[in-house]
Structures are given as C-alpha cells and as structure tokens.
Amino acid sequence: MGAVEQLFANASVLFAVLLIAAMAGLYSERAGIVNIAIDGMMIIGALTYALLGKMLSQYGNGMQLIALLGAGLVGGLFALLHGFATITLKSQQIISGVAINLLATGLGLFFVSIPSLAVGNMIKTGFTIIGIDNAKIVNIFVIIAVILAIFTFVFFYFTKAGTRFAACGENPHAIDAAGISVVKIRYTAVIISGVLASVAGAMFTHFLSNQFRGDVQGQGYIALAIMIFGQWRIQYITLGAVLFSFLIALASSLWRFAGWNIADPSNQLLKILPFVFALVTMVAFSKYSKVPKASGIPFDKGAR
C-alpha cells in the first residue's frame, strides 16, 4: 500500500473513531450531563475489545462485530458509574469524569502489564479491519459511523424522544412539569454515551495496528474538542471529525512522505499538532459556544 493510500486508510478509521466518540459527548451533554470521561470509556471499550478478540478471533475475522457489540455493552455498564455519581448523588460532573478517566487508565495499564495477556505491554486483538476496497479506505467502521450520524440527526431533529433529550439539557424543570422523568432520560443519555465511546475505543485499536496499548492516546479529549467545534450539532460535528481525523493521520504519516527517521524525537513533535489544534479550537469557539443551558447542573426536583 502506498503512502497516500495509507494516509487515507488511517484517516478513515480515525474519522469513524472521532465521530462516534464526539457523538458520545453529544448525547450526554444535550441531556444535561457533562461527560469528560469519554477518554476513559474509550479505554474500557478498547480493553474489552482486545480481550474478546483474543478469545473470538480464532473463529473468523467477522467475529469483530460481536466483540464490538460486547465492548459497547461493557462501556454502557461502566458509564453507570458516571451516571450514579452525577445524577443520583448530584456530584460535580467534571470531578466525576476525571475520576473515571483515572480509573480507566489504571485498568488499561494494569491489563497490558499481565504477561499472560500482553506481549510487550500490548494486547493483540487478532482482528483486521473489514474493508470494502483493497486499501480499506471504505471500511465497516466508516459505514457504522455514518449510519449512526444519520440516525442521530433524525433523532434530535425529527423525533419526540430527541426533543425531550434536548429539553433535558435546556430546561429540565419544564420536562419534569410535563410528567416526564428527567432522571430516566439522563441515565439513558449517559448509558448511550458510554456505549458509543466504548465502540469508538474498540475501533481505535485498528489504528494502532490492531493492538491495545493501555490507552487511546487522548482521542477522547479531541472528540470533546470536535463536539465544541460542532456546537453540539451533529452536522457540524461530522465536519469536525473529517478535519481532525485527517490532521491526526497526516501528523502520523508525514514522516513517510518526507523520508524522515521516525525515531528522531524532533519528528515525534508532529504528533502534538492535533492536540495543539484541539486546544486552539476550544479556545477560539468557546466565546461563541451555545452550550445547553442546564448542562453540568444537577437536577433538583425541589428547586422548581
């Protein structure tokens, strides 16, 4: 595979990862729950996917879809920690997210240090990405991401459930007055967020040569930047995912085009560029951000 084809193949995987991870934040925040734990939930998804891959890959490459589903289910359950802390206990949502990120990072590093599971601090999934074309630029992950994006657009703009989700993030007391459970909607949103983030994390292992290395290289934070860039609107989030995925893939592949030595620390600085761009993006768009009004505010039924 040529360098250009490799660039677009990597970008396509990253597009799916970042789009789905950004949607994880979208569902949660539109319902009023800030979720900076996306990175940690992605780690749990990648870890689960890698462990399931070690067991299921011997039965065929198509079993990755089962492993992907399993990763999503585990991620949804793991997200209940964030839901319980922020919805039931009404704890500070940022602190809860940071704690979950630390917990997930610790679990990831612990499992890759077990000799019976990992070789060289890496767990091989045993899967290879399922592609439509030879270069795998159009692959199963891109298809899943696009389908989810279309569903999300229809959900928030054309369904009653989507309207209730959005209302929970804007005026939860109005929803409560209408006899609709804000707690139920927010728990649902957090679980959906965990499922999506974990699926994105599982997909990210394929960007790392089908391996889990203990983390997801901070892609969850870039997904948050994309969500802010997209102003909590799926159509703009999709555009942001295209931009960021290409930047990250380019930063990871530029040394191939120039013939540089990847071992040279100065060339490793290229990988910092996407994070610098993410930081600049959040600062630049924060002034114009239209955050859901009740996002980050615990719901108190008695305060109405």
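Quick caveat: nothing in here was measured; it's all calculated off a predicted structure.

**Student:** Whenever I open this one, the overall build of the chain confuses me. Can you help?
**Tutor:** In terms of regular secondary structure, the chain is built from twelve helices and two strands. Reading the chain from its N terminus to its C terminus gives the helix and strand order α-α-α-α-β-α-α-α-α-β-α-α-α-α. For 304 residues, the compact-globule estimate of 2.2 N^0.38 gives 19 Å, and the chain sits close to it at 19 Å. In terms of overall dimensions, the chain has C-alpha extents of about 60 × 40 × 35 Å along its principal axes. Counting the 304 residues in the chain, one finds 49% classified as buried. Considering only intrachain contacts with a sequence separation of at least 6, the fraction spanning at least 24 residues in the chain is 80%.

**Student:** Would you mind showing me how to read the environment of Ile-129 here?
**Tutor:** By the secondary structure assignment, Ile-129 is in the loop between strand 1 (123-124) and helix 5 (140-158). Residue classification places Ile-129 among the buried residues on the basis of a relative accessible area of 13%. For Ile-129 and Pro-292, which are 163 residues apart along the polypeptide, the C-alpha to C-alpha distance reads 37 Å. The contacts of Ile-129, once residues within four sequence positions are left out, are Val-13, Gln-64, Lys-136, Asn-139, Phe-141, His-206 and Asn-210.

**Student:** Help me understand the UniProt feature "transmembrane region" (unreviewed entry) in the chain, please; the structure alone is not making it clear to me.
**Tutor:** UniProt's entry tags residues 7-27, 33-53, 65-88, 94-117, 137-158, 187-208, 236-257 and 269-285 with the feature "transmembrane region" (unreviewed entry), counted in the numbering of this structure. The span residues 65-88 is 100% helix and 0% strand, and its two end C-alpha atoms sit 33 Å from each other. In this annotation, residues 94-117 is assigned 75% helix and 0% strand; the end-to-end C-alpha distance for the span is 33 Å.

**Student:** Looking at this structure, I do not really get the packing of aromatic side chains. What am I missing?
**Tutor:** In this description, a pair of aromatic rings is defined by centroid distance and the angle of the planes. A full pass over the atoms with the stated rule returns 13 aromatic pairs. Here the aromatic rings of Tyr-27 and Phe-155 are separated by 5.9 Å at their centres, their planes lie at 40°, and the arrangement is tilted. Of this pair, Tyr-27 sits in helix 1 (residues 3-30) while Phe-155 sits in helix 5, and the two are 128 residues apart along the sequence. You can call Tyr-27 buried: its relative accessible area is 4%. On the basis of relative accessible area, Phe-155 is assigned to the buried category, the value being 11%. Measuring from centroid to centroid gives 5.3 Å for Phe-155 and Phe-165, while their planes differ by 80°, and the two rings are edge-to-face. Here Phe-165 lies in helix 6 (residues 160-170) and Phe-155 lies in helix 5, a separation of ten residues in the sequence.

**Student:** Could you clarify how one ought to interpret the nonpolar core in this entry?
**Tutor:** Generally speaking, soluble globular proteins have nonpolar side chains that are buried together. Counting 86 residues, the largest nonpolar core has Leu-19, Ile-20, Met-42, Tyr-49, Phe-165, Met-203 and Phe-212 as the members making the most contacts within it. Ranked by the residues each element gives to this core, the list is headed by helix 1, at 16 residues.

Calculation rules
Counting restarts for each chain: residues are numbered from 1 in the order of the written sequence. Given that this is a predicted model, residues contribute local features only at a pLDDT of at least 70 and side-chain atom pairs are listed and counted only at 80 or more, while totals for whole chains, interfaces and linings are drawn from all residues. The basis for the side-chain values is all heavy atoms of the structure; hydrogens and waters are excluded. Each helix is a run of H or I in the DSSP string that is no shorter than four residues. Each strand is a run of E no shorter than two, and both are numbered from the N terminus. The globule rule used for comparison is 2.2 Å times the number of residues to the exponent 0.38, while the radius of gyration itself is calculated over C-alpha atoms. Only protein chains enter the accessibility calculation, which uses a 1.4 Å probe. A residue is then buried if its area is under 20% of the maximum for its type, exposed if over 50%, and partly exposed in between. Note on contacts: a residue pair is in contact if any heavy atoms of the two residues lie within 4.5 Å. UniProt positions are given in the numbering used here, feature names are shortened, and annotations may be inferred rather than shown by experiment. Only centres within 6.5 Å qualify two rings of Phe, Tyr or Trp (six-membered ring in Trp) as a pair; their planes then separate them into stacked at under 30 degrees, edge-to-face at over 60, and tilted for everything else. Side-chain atoms within 4.5 Å link the members of a nonpolar core, which is a set of buried Ala, Val, Leu, Ile, Met, Phe, Trp, Tyr and Cys residues.

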